[in-house]
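Analysis of the macromolecular model
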Amino acid sequence: MTTFILIHGMWHGGWCWDRLSALLRTARHNVHAPTLAGLAERVDMCSDTIDLNTHVQEIVDLIESQNLRDVILVGHSLGG
């Protein structure tokens, strides 16, 4: 089993990976597709203090809080 973290681009949310997430989970992989702060359904958090560093820290926090190891990061646009 492989662990994937799928990182969306600007103007998207974790939901943009739904089709791929389903395929990966069917193949018994562990998948995380978070929505980054200030975007999509988390737009209510939008502020001048949210930047790329915020988003990077969110992914680091996800990895640490879930004790993930040997993850494959997949991103597009801003997420890349």
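About the cut-offs
Residues numbered from 1 in each chain as written. Predicted model: local features only at pLDDT ≥ 70, side-chain atom pairs only at ≥ 80, totals over all residues. Heavy atoms only, no water. Core = buried A, V, L, I, M, F, W, Y, C linked by side-chain atoms within 4.5 Å. Buried < 20%, exposed > 50% of the residue type's maximum accessible area, 1.4 Å probe, protein only. Helix = DSSP H or I, 4+ residues; strand = E, 2+ residues; numbered from the N terminus. Pairing = 2+ DSSP bridges. Right-handed = clockwise from strand over helix to strand, strands pointing away. Expected span 1.5 Å × (residues − 1). Arc of directions from axis to C-beta. Contact = heavy atoms within 4.5 Å. Axes fitted to C-alpha atoms, helices over the stretch in contact; angles between N-to-C directions.

1. Considering the nonpolar core
By size, the foremost hydrophobic cluster in this structure holds six residues: Ile5, Ile7, Leu36, Ile59, Leu62 and Leu68. Looking at this core, the elements that each hand over two or more residues are strand E1 (3-7) and helix H2 (52-65).

2. Section: the pairing of E1
E1 sits mainly inside the fold: five of its five residues count as buried. Of the two faces of E1, the one lined by Thr3, Ile5 and Ile7 and the one lined by Phe4 and Leu6 are each fully buried. By the bridge criterion, three bridges tie E1 to strand E2 (residues 30-32) in an arrangement that is parallel. What sits directly across from Phe4, in E2, is Val31. Once the chain exits E1 it traverses helix H1 (residues 18-26) before rejoining the sheet at E2, and the crossover so formed is right-handed.

3. A closer look at H2
Between its first and last C-alpha, H2 extends 20 Å over 14 residues, near the 20 Å set by a 1.5 Å rise per residue. Listed in full, the buried residues belonging to H2 are His55, Glu58, Ile59 and Leu62. The buried residues of H2 occupy an angular sector of 90 degrees when the element is viewed end-on, so they sit on one face. Relative to its buried face, H2 has exposed residues pointing more than 90 degrees away, namely Asn53, Glu64 and Ser65. Next to the buried residues of H2 lie E1, E2 and strand E3 (71-75).

4. Describing the sheet that holds E3
Two strands in a sheet stick together by hydrogen bonds in their backbones, pointing the same way (parallel) or opposite ways (antiparallel). Read across the open sheet, the three strands follow the order E2-E1-E3; overall the sheet is parallel. Whereas interior strands pair on both sides, the edge strands pair on one side only; in this sheet they are E2 and E3. Between one strand axis and the next, the sheet turns through 20 degrees on average, direction left out of account. Strand contacts of H1: E1 and E2, with the helix running at about 180 degrees to E1, the strand carrying the most contacts. Sheet strands in contact with H2 are E1, E2 and E3, and its direction is about 160 degrees off that of E1.

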